[in-house]
Amino acid sequence: MLKIRLGVAPAAGTGPAEFAGLAARLEDAGVDSLWLSELVHSPEVDPMIGMAHALARTSKLKVGTGVAILPGRHPVLVAKQLLTLAGLAPKRVLPVFGLRPARAAETGLFPVPPGRRAAVFDESLVLLRRLLEEDEVSFDGEFFQVDGVRLGPRPAKRLDVWLGGTAPAALRRTGRLADGWLGSFHTPSQARDARIAIQRAAAEAGREIEEDHFGLSLVVADRGIPGGLAAVAERRSPGVPLTDLVATSWPEARRLVEQHIEAGLSKFVLRPGHADFDGFLEKFQAELVPLQN
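To keep things clear, this report deals only with the structure shown in the data block. (Residues numbered from 1 in each chain as written. Predicted model: local features only at pLDDT ≥ 70, side-chain atom pairs only at ≥ 80, totals over all residues. Heavy atoms only, no water.)

Topic: the overall build of the protein
No. 1: Within the protein one finds ten helices and twelve strands.
No. 2: Taking 19 Å as the expected radius of gyration for a compact globule of 293 residues, we find that the protein reaches 18 Å, a close match to that expectation.
No. 3: The principal-axis extents of the C-alpha atoms in the protein amount to approximately 55 × 40 × 40 Å.
No. 4: Burial analysis of the protein (293 residues in total) assigns 50% to the buried set.
No. 5: Of the contacts formed within the protein by residues at least 6 apart in sequence, a portion of 74% connects residues at least 24 apart.
No. 6: Summed over all atoms, the accessible surface of the protein reaches about 13,000 Å², with 54% contributed by carbon and sulfur.
No. 7: Here the protein contributes 35 positive and 35 negative side-chain charges, whose respective centroids are spaced 1 Å apart. (Helix = DSSP H or I, 4+ residues; strand = E, 2+ residues; numbered from the N terminus. Rg over C-alpha atoms; globule rule 2.2 N^0.38 Å. Buried < 20%, exposed > 50% of the residue type's maximum accessible area, 1.4 Å probe, protein only. Contact = heavy atoms within 4.5 Å. Areas by Shrake-Rupley, 256 points an atom, 1.4 Å probe, with all protein chains shown as cover. Lys, Arg positive; Asp, Glu negative; His and termini not counted. Charge placed at Lys NZ, Arg CZ, Asp CG, Glu CD.)

Written out as structure tokens, the structure reads:
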């Protein structure tokens, strides 16, 4: 049986003042995990700094990035950050990385050679995984060269690296190089197809991804769908009915989660489509937490 777990993301626009007490509150409420997006041109907290703060304020809550951008960052520095967090908060660090920012205007903040973002991503992942799994790493790639790098103790439990992404190339990359997948704006049938494509790519690479390492980020817009959200959904899944991608009520959220579970997914991040996080959390606990096993 798949281990079903449900976490939450802050409301859009949650800045440091609102974020400060959020992690402890979620832990007190019994929430499994907190997920932080990389949205630089916004009030929202930086995901790595937000993770550090949330992990320091709690003892059980897991905290993840959903998603952070890897190409454009040096993998040695990213590995050092993750190993530090995992050492301070064992078994509670959940990194998920993506190819490019959700907002095109932020792409230049993560510079890579022109036309080589995907190649940089692949090489970054290979080096990052080695840095997280080996005591000493030497690497001579096209974009990165390191010699005898030692970053300190590794956690007793191996640190998994998940990826986001929806394009066929992103799914193949997940199968070849990652430990899991967190999708978004997928119908249950699309999510099933994505899971199968990832598992096929993993098998072709001589790997296997654990069956409970597939997840989905789902927006609950029970007070109306903001125009910007509708535009993102249309861009990510053109022609698909919006109500198959975004939950418009809590019964619909439960229905969609249950259908995604049937499609083979088991980890979920619920995001509020409005600013009333108190109301969102109350409904989340009542309607969706019972699905955990």
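Still to come is the rest of the account.
Some details on the packing of aromatic side chains
No. 1: The tally for this structure, following the rule as stated, stands at three aromatic pairs.
No. 2: With a centroid separation of 5.4 Å and an interplanar angle of 50°, the aromatic rings of Trp250 and Phe280 are classed as tilted. In this pair, Trp250 is assigned in helix α9 (residues 250–262) and Phe280 in helix α10 (residues 277–287), connecting sequence segments 30 residues apart.
No. 3: Pairing Phe280 with Phe284 gives two aromatic rings, centres 6.2 Å apart and planes at 20°, and the pair type is stacked. (Phe/Tyr/Trp six-rings, centres within 6.5 Å; stacked < 30°, edge-to-face > 60°.)

Regarding the pattern of salt bridges
No. 1: For the structure on display, the rule yields 20 salt bridges.
No. 2: When the shortest N-O distance is used, the salt bridge between Glu142 and Arg116 registers 2.7 Å. Taken as a pair, Glu142 in the loop between β7 (137–140) and β8 (145–149) and Arg116 in the loop between β6 (96–98) and α5 (117–133) lie far apart in primary sequence, 26 residues in all.
No. 3: Glu133 is the partner of Arg158 in a salt bridge, and the nearest nitrogen-oxygen pair spans 2.9 Å. Placement of Arg158 in the loop between β8 and β9 (162–163) and of Glu133 in helix α5 is noted, with a sequence separation of 25 residues between them.
No. 4: Classification of Glu133 as partly exposed rests on a relative accessible area of 31%. (Salt bridge = Lys/Arg side-chain N within 4 Å of Asp/Glu carboxyl O.)

So, the packing of helix α4 (residues 75–88) against α5
No. 1: Close contact between α4 and α5 brings their axes to 9 Å; oriented N to C, the two are set at 40°. It follows from the interaxial angle that α4 and α5 lie oblique. Seen along the crossing, α4 lies across α5 with a hand that is right-handed. In this structure, α4 uses Pro75, Val76, Val78, Ala79, Leu82 and Leu83 to contact α5, whose residues at the interface are Ser124, Leu127, Leu128, Leu131 and Leu132.
No. 2: Of the residues belonging to the contact of α4 with α5, the class tally is ten nonpolar, one polar and no charged. (Axes fitted to C-alpha atoms, helices over the stretch in contact; angles between N-to-C directions. Parallel < 35°, antiparallel > 145°, perpendicular 65-115°, else oblique. Left-handed = near helix turned anticlockwise from the far one by under 90°. Nonpolar A, V, L, I, M, F, W, Y, C, P; charged D, E, K, R; others polar.)

A word on α4
No. 1: A rise of 1.5 Å per residue sets the reference length of α4, with its 14 residues, at 20 Å; its end C-alpha atoms lie 20 Å apart and thus fit the reference within 8%.
No. 2: Those residues of α4 that sit buried are Pro75, Val76, Val78, Ala79, Leu82, Leu83, Leu85 and Ala86.
No. 3: Against the buried residues of α4 lie α3 (47–56), β5 (93–94), β6, α5 and β8. (Expected span 1.5 Å × (residues − 1).)

Brief notes about the environment of Arg195
No. 1: By the element assignment, Arg195 lies in helix α7 (residues 188–204).
No. 2: Linking Arg195 and Phe214, residues 19 residues apart in sequence, is a C-alpha distance of 7.0 Å.
No. 3: Dropping the residues within four chain positions of it, Arg195 is found in contact with Phe214, Ala263 and Gly264.

A few points about unusual backbone geometry
No. 1: Along the chain, Gly66 connects to Val67 via a cis peptide bond; the corresponding omega equals 5°.
No. 2: Here the phi dihedral of Lys91 falls at roughly 70°; this positive angle occurs in a residue that is not glycine.
No. 3: Take Lys91: it is sitting in the loop between α4 and β5.
No. 4: With relative accessibility at 64%, the residue Lys91 sits in the exposed group.

Looking at the environment of Ser266
No. 1: With respect to the secondary-structure elements, Ser266 resides in the loop between α9 and β12 (267–272).
No. 2: Under the relative-accessibility criterion, Ser266 is labelled buried at 0%.
No. 3: Remark: the alpha-carbon pair of Ser266 and Gln190, spanning 76 residues in sequence, is separated by 15 Å.

This is a description of form; function is not addressed.
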